[in-house]
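Summary of the model geometry
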Amino acid sequence: MPDSLTTRLRVRYLGRRDYEPVWQAMKAFTDQRGSETVDELWVVEHNPVFTLGQAGERKHLLHPGDIPVIPVDRGGQVTYHGPGQLVIYLLVDVRRKRYGPRVVVSALEQAVIHLLDGFGISAGNKPEAPGVYVDGAKIASLGLRFRRMCSYHGLSLNVDMDLEPFGRINPCGYPGLEVTDMATLLGQVDTENVCQRLLVCLQKALHYPEIING
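One structure accompanies this document, and this report is about it. (Residues numbered from 1 in each chain as written. Predicted model: local features only at pLDDT ≥ 70, side-chain atom pairs only at ≥ 80, totals over all residues. Heavy atoms only, no water.)

1. Thoughts on the environment of R148
Formally: Helical segments are the DSSP runs of H or I of at least four residues, strand segments are the runs of E of at least two, and each set is numbered from the N terminus. The buried label goes to any residue with under 20% of its type's maximum accessible area, the exposed label to any with over 50%, and the partly exposed label to all in between, with areas taken from a 1.4 Å probe on protein chains only. Note on definitions: a residue-residue contact is assigned when non-hydrogen atoms from the two residues lie within 4.5 Å. Each polar contact in these results corresponds to two N or O atoms within 3.5 Å; when the atoms are within protein, one needs to be able to donate a hydrogen and the other to accept it, and residues that are neighboring in sequence are counted only if both atoms are side-chain atoms.
Residue placement: R148 occurs in the loop between β8 (137-147) and β9 (150-158). Here R148 falls in the partly exposed class, since its relative accessible area comes to 46%. In sequence terms R148 and V94 are 54 residues apart; their C-alpha atoms lie 9.3 Å from each other. Once residues within four sequence positions are removed from consideration, R148 is found in contact with T30, D31, R33 and R95. For R148, the side chain forms a polar contact with the main-chain oxygen of D31, separated by 3.3 Å.

Below, the structure written as structure tokens:
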């Protein structure tokens, strides 16, 4: 196996997209990838949507209103995606990287924690509830699917968004769970700066020395 396949990571910037076409594209990429396919990160912002994971229970959808609900094939319960949230999908051959699923989840959490620390925000994780939290409020969610030991789906970080839709659900299946974003904590945030700094944190946490754009 060429060394480059374990050291190179391609980053694709998708802009603002509806959720379902991106989800279908992730599945297609994973189904079609071969032994020499370069791993990728997809950076995207979604139009408003609730997604319900494989273990998701509709009782956690309190009053979704006019926001669509899409059952999906990732782990976890219900979450919200919308404008002002940074979403990064992880399309990685974890067997080639010699990672187990838990290692991948931990790397994503630590990348976000390291990013937030750089902004002066003290954050942590909860072993029983994947994600990243600030003073008990959730600021980043994780949900992955592994097919033939290749991952898709990924993480969402609340940067500068309308948090109201989280009140229409029990976030991640936890009634009363508070949700926050970076703008609430910092007052003003440059989303592009956050994105680039998070990509560097992910590159380090996942051990990819080389980044390819596009």
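The rest of the description comes next.
2. Comments concerning the state of the cysteines
One way to say it: the disulfide is the covalent bond shared by the sulfur atoms of two cysteines. In plain terms, the rule: In this description, the term disulfide denotes a pair of cysteine sulfurs within 2.5 Å.
Evaluated as defined, the whole model comprises zero disulfides. C195 takes part in no disulfide bond, and the closest cysteine sulfur, belonging to C201, lies 11 Å away.

3. What about the pattern of salt bridges?
Stated formally: What counts as a salt bridge is simple: a side-chain nitrogen of Lys or Arg found within 4 Å of a carboxyl oxygen of Asp or Glu.
Applying the stated rule across the entire model yields twelve salt bridges. Between R8 and E210 there is a salt bridge, and its shortest N-O distance comes to 3.8 Å. Taken as a pair, R8 in strand β1 (residues 8-17) and E210 in strand β10 (residues 210-213) lie far apart in primary sequence, 202 residues in all. Assessed through its relative accessible area of 37%, E210 is described here as partly exposed. Salt-bridge contacts for D31 lead to R147; the nearest nitrogen and oxygen are separated by 2.6 Å. Of the two residues, D31 is situated in helix α2 (residues 19-32) and R147 in strand β8; the sequence distance between them amounts to 116 residues. For D31, a relative accessible area of 43% translates into the label partly exposed.

4. Remarks on the side chain of T30
Mapping T30 onto the fold places it in helix α2. If we skip the residues at most four places from it in the chain, T30 touches L91, R147, R148, C150, S151 and Y152.

5. Observations regarding the sheet that holds strand β4 (residues 69-71)
Rules: Strands qualify as paired when DSSP identifies two bridges or more between them. Interaxial angles span 0 to 180 degrees and are taken between N-to-C directions of axes, which are lines fitted to C-alpha atoms, for helices over the stretch in contact.
The sheet built from three strands is open, its strands ordered β4-β3-β5 with mixed pairing. In this open sheet, the two edge strands, each paired with only one partner strand, are β4 and β5 (78-81). Pairs of neighbouring strands in the sheet enclose a mean axial angle of 25°, with direction left out of account. The sheet strands contacting α2 are β3 (49-52), β4 and β5, and the helix crosses β4 at an angle near 15°.

6. Digging into the environment of G84
With respect to the element layout, G84 can be found in the loop between β5 and β6 (85-93). On a C-alpha basis, the gap between G84 and H46 in space is 8.7 Å, while along the polypeptide they are 38 residues apart. Leaving out residues up to four positions away in the same chain, G84 has contacts with E45, N158, V159, D160 and M161.

7. What to know about the packing of helix α4 (residues 101-118) against helix α6 (residues 191-206)
Working note: a packed helix pair is described by the angle between its axes plus the distance between those axes. What counts, and what does not: Angle categories: roughly parallel below 35 degrees, roughly antiparallel above 145, roughly perpendicular from 65 to 115, and oblique for all the rest. By convention the crossing between two helices is left-handed if the near helix lies anticlockwise of the far one by an angle smaller than a right angle, and right-handed if it lies clockwise. Asp, Glu, Lys and Arg are counted as charged, while Ala, Val, Leu, Ile, Met, Phe, Trp, Tyr, Cys and Pro are counted as nonpolar; the rest, among them Gly, fall into the polar class.
Across the interface, α4 lies against α6 with an axial gap of 9 Å and an inter-helix angle of 135°. Taken together, α4 and α6 sit at an angle that is classed as oblique. Crossing handedness for the pair α4 and α6: right-handed. Within the contact between the two elements, α4 uses A107, L108, A111, V112, H114, L115 and G118 and α6 uses V194, R197, L198, C201, L202, A205 and L206. When grouped by side-chain class, the residues that make up the contact of α4 with α6 number eleven nonpolar, two polar and one charged.

8. Concerning the packing of aromatic side chains
Aromatic ring pairs: the centre-centre distance and the angle between the two ring planes describe each pair. Note the threshold: For Phe, Tyr and Trp, where Trp contributes only its six-membered ring, two rings pair if their centres lie within 6.5 Å, and the inter-plane angle classes them as stacked under 30 degrees, edge-to-face over 60, or tilted in between.
A complete count under the given rule lists four aromatic pairs for this structure. On the numbers, 5.9 Å between centres and 70° between planes, the contact of F29 with W42 is edge-to-face. Residue F29 is found in helix α2, and its partner W42 is found in strand β2 (residues 39-46); the two are separated by 13 residues along the sequence. Here F29 falls in the buried class, since its relative accessible area comes to 16%. Ring plane angle 85° and centroid distance 5.4 Å describe the contact between Y80 and F166, whose orientation is recorded as edge-to-face.

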